[in-house]
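# Structure assessment
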Amino acid sequence: MTADTSTGSAARYREFRMPDVGEGLTEAEILKWYVQPGDAVTDGQVVCEVETAKAAVELPIPYDGVVHELRFEEGTTVDVGVSIITVDVAPGSGEPAPAPAPEASPPAAVTAAPAATAATPAAEPTGRQPVLVGYGVAESSTKRRPRRGASVPGQTTGGAAAAAVQAELNGRATPVVGAPAAGRPLAKPPVRKLAKDLGVDLATVTPSGQDGIITREDVYAAIAPTELVGEPAPPTAPAVAPVAPAVAPSVPAPVAPAGTGRETRIPIKGVRKATAAAMVGSAFTAPHVTEFVTVDVTRTMKLVEELKSDKDMAGLRVNPLLLIAKALLVAIKRNPEVNAAWDEANQEIVVKHYVNLGIAAATPRGLIVPNIKDAHDKTLPQLAAALGELVATAREGRTTPVAMQGGTVTITNVGVFGVDTGTPILNPGESAILAIGAIKLQPWVHKGKVKPRQVTTLALSFDHRLIDGELGSKFLADTAAILEQPKRLITWA
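Here's a quick rundown of the structure. Here the structure is a predicted model, which means the values were calculated and not measured. (Residues numbered from 1 in each chain as written. Predicted model: local features only at pLDDT ≥ 70, side-chain atom pairs only at ≥ 80, totals over all residues. Heavy atoms only, no water.)

With that out of the way, let us pick up the overall build of the protein chain. Within the protein chain, the secondary structure is distributed over 11 helices and 23 strands. A buried classification covers 42% of the 493 residues belonging to the protein chain. A separation of at least 24 residues holds for 65% of the contacts in the protein chain among residues at least 6 apart in sequence. (Helix = DSSP H or I, 4+ residues; strand = E, 2+ residues; numbered from the N terminus. Buried < 20%, exposed > 50% of the residue type's maximum accessible area, 1.4 Å probe, protein only. Contact = heavy atoms within 4.5 Å.)

So, about the side chain of Thr-76. Residue position: Thr-76 is located in the loop between β6 (65-70) and β7 (77-79). Residue class for Thr-76 comes out buried when judged on its relative accessible area of 1%. Polar side-chain contacts of Thr-76 include one of 3.0 Å to the backbone oxygen of Glu-73. (Polar contact = N/O pair within 3.5 Å; in protein donor to acceptor, adjacent residues only side chain to side chain.)

Residues Lys-302, Lys-447, Lys-449 and Lys-451 make up a contiguous surface patch of positive charge. Note on placement: Lys-451 falls in strand β23 (residues 449-463). By relative accessible area, which is 35% here, Lys-451 ends up partly exposed. (Patch = residues over 30% accessible without salt bridge, like charges linked within 9 Å, V, L, I, M, F, W, Y side chains within 5 Å. Areas by Shrake-Rupley, 256 points an atom, 1.4 Å probe, with all protein chains shown as cover. Salt bridge = Lys/Arg side-chain N within 4 Å of Asp/Glu carboxyl O. Lys, Arg positive; Asp, Glu negative; His and termini not counted. Charge placed at Lys NZ, Arg CZ, Asp CG, Glu CD.)

What follows deals with the nonpolar core. In terms of nonpolar packing, the biggest core is built from 48 residues, with Leu-322, Leu-328, Leu-357, Ile-411 and Leu-458 touching the most fellow members. Only α7 (298-308), α8 (320-334), β16 (357-359), α9 (380-395), β20 (409-413), β21 (432-436), β23 and α10 (469-484) provide two or more residues apiece to this core. Aside from chain neighbours lying at most four places away, what touches Leu-322 is Met-313, Arg-317, Leu-380, Leu-383, Ala-384 and Leu-387. Ranked by size, the runner-up nonpolar core spans 22 residues in total, among them Val-35, Val-47, Val-50 and Leu-70. (Core = buried A, V, L, I, M, F, W, Y, C linked by side-chain atoms within 4.5 Å.)

As a further point, take the sheet that holds strand β8 (residues 83-88). Spatial ordering of the open sheet is given by β1-β8-β6-β3, a layout of four strands whose pairing is antiparallel. The sheet terminates laterally at β1 (13-17) and β3 (40-41), the two strands that pair on one side only. Relative to β6, β3 runs antiparallel, the two sharing two bridges. Bridged to Val-41 within β6 is Gly-65. (Pairing = 2+ DSSP bridges.)

Quick look at the packing of aromatic side chains now. In this description, a pair of aromatic rings is defined by centroid distance and the angle of the planes. Inspection of every chain in the model, using the stated rule, returns zero aromatic pairs. Across the ring face of Trp-492, the terminal group of Arg-334 is positioned such that the distance to the ring centre comes to 3.8 Å. (Phe/Tyr/Trp six-rings, centres within 6.5 Å; stacked < 30°, edge-to-face > 60°. Lys NZ or Arg CZ within 6 Å of the ring centre and 35° of its normal.)

Another aspect to go through is unusual backbone geometry. Located in the positive-phi region is Gln-347, a residue other than glycine, with phi close to 50°. Looking at where Gln-347 falls in the secondary structure, it is placed in the loop between β14 (340-343) and β15 (348-351). The class for Gln-347 is exposed, based on a relative accessible area of 56%. The phi angle at Asp-374 is positive, at roughly 50°, despite the residue not being glycine. For Asp-374, the location among the structural elements is in the loop between β19 (371-372) and α9.

Let's shift gears to helix α6 (residues 270-283). When the terminal C-alpha atoms of α6 are compared, their 20 Å separation across 14 residues agrees well with the 20 Å that a helix rising 1.5 Å per residue should span. Taken as a whole, α6 has its buried residues at Gly-270, Val-271, Thr-275 and Ser-282. In a view along the axis of α6, the buried residues occupy a sector of 115°, so they form one face of it. Residues of α6 that are exposed and angled more than 90 degrees away from the buried face: Arg-272 and Ala-277. (Expected span 1.5 Å × (residues − 1). Arc of directions from axis to C-beta.)

Turning to the environment of Leu-458, a few remarks are in order. Looking at the element boundaries, Leu-458 is found in strand β23. For the pair Leu-458 and Asp-420, spaced 38 residues apart in sequence, the C-alpha separation works out to 8.7 Å. The residues contacting Leu-458, other than those within four sequence positions of it, are Glu-291, Phe-292, Val-293, Val-295, Leu-434, Ala-435, Ile-436, Leu-476, Thr-479, Ala-480 and Leu-483.

Another aspect to go through is the sheet that holds strand β4 (residues 46-51). Taken in spatial order, the four strands of this open sheet run β5-β4-β2-β7, and their pairing is antiparallel. Two strands lie at the open edges of the sheet, namely β5 (56-60) and β7, each paired on one side alone. Sheet twist, expressed as the average angle between the axes of neighbouring strands with direction ignored, equals 40°. Relative to β5, β4 is paired through five bridges, and the arrangement is antiparallel. Following the sheet pairing, Val-46 is matched in β5 by Pro-60. (Axes fitted to C-alpha atoms, helices over the stretch in contact; angles between N-to-C directions.)

With that settled, consider the pattern of salt bridges. Evaluation of the coordinates by the stated rule reveals 11 salt bridges. Across the pair Arg-71 and Glu-15 runs a salt bridge whose closest N-O atoms are separated by 2.7 Å. Placement of Arg-71 in the loop between β6 and β7 and of Glu-15 in strand β1 is noted, with a sequence separation of 56 residues between them. Overall, Arg-71 belongs to the buried group, its relative accessible area being 1%. Here Glu-15 falls in the buried class, since its relative accessible area comes to 3%.

These results come straight from atomic positions and should not be treated as a statement about function.
So this is what it looks like as structure tokens:
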């Protein structure tokens, strides 16, 4: 750990900047603070959770001390390299707090205004800039731009209000004496989001909560005369109906603007923003071709049931996706030109002799596609373990950016939603994606007789620059043939 070389209050107060996770990302949204001003922290302690365009990551602080200031609210998007928290590394030393910086225009580094908290350090510590783990490159000599809304000496009321706001942000409210006469309105993050979605300025809302805190009912009451005319009361706030008449009983309700209160605007950020950019880039860069095949997978489903009781698969999750993934890997081995990438800059086709198998996963934060590295080298139990870990990590929202890079071919299982098939879009940089439809009992001609069989439809989208119709058709047909006769997993491997 590199010590500060500066002197005075600047040496006492350390700035922790939004780190670069090493994957070329430029910004992250602060999802949750785990600390608040006054909390003691130790080297390596997680202080917040942030969401990048690819994953949610917990950030550890790289030194010991006491939290002096949280620079941004939860929900704020901050650029990499911008200070997000100030830590007093020498509490009780008797040195004065850093002087506040003069007010200036807001920095372009963030998309939301920083929280008005305690005084701002006057200077940055020298040394090396902290990254996600340890320290990285040396800091620039450029001074940090002043923050808007910095506190000034003597504003004790504003300081108390700021402390209450910060406490509310972290869900650990500290009562203050009376409501603040001026300054930033007090409200919890969900209430602030509600106000933003409804277009309500919290500064115009009359608080009814304890210590002057604005509640959901206050926000709904503020829009009752205009936004809610002719609209049913929001289901999450049944108390709106009796509140509305008491707001302005003697004033006729104006006509609401067309569409007001009938739409919800959701900011495009995080995983959704990255997914949208990737899909648009893929759809308009790689010429897509999609082919379909319907296949009898009854024997594969029987093999799934047999493997569930196999001692070598004990403790592992065995499902149709496992055998479909294995079938795809064998089909790639039979058609290696499928596993390639288009290098536009060098005008080359790069044939890859490894398979990083992507698995599309729907998560609360959106669609992500982590991949199993070197899936072609894994045995069936190893592949099952890797699939189980990948799915569990994705559902918990802990998939790392590294896990989503370097994929070569992807599987997306739309069948879990009861969908028969689809036309999947390629993951950028990959050559093919296989969609699995729902497996259903259907009438099927088997050994000359119509019988109920378990049937599914496979859809293969591929980059027509890399894969022509013949190669794509052979690859899809081989995958289907293995699923129809799973013994080919052995004879074709």
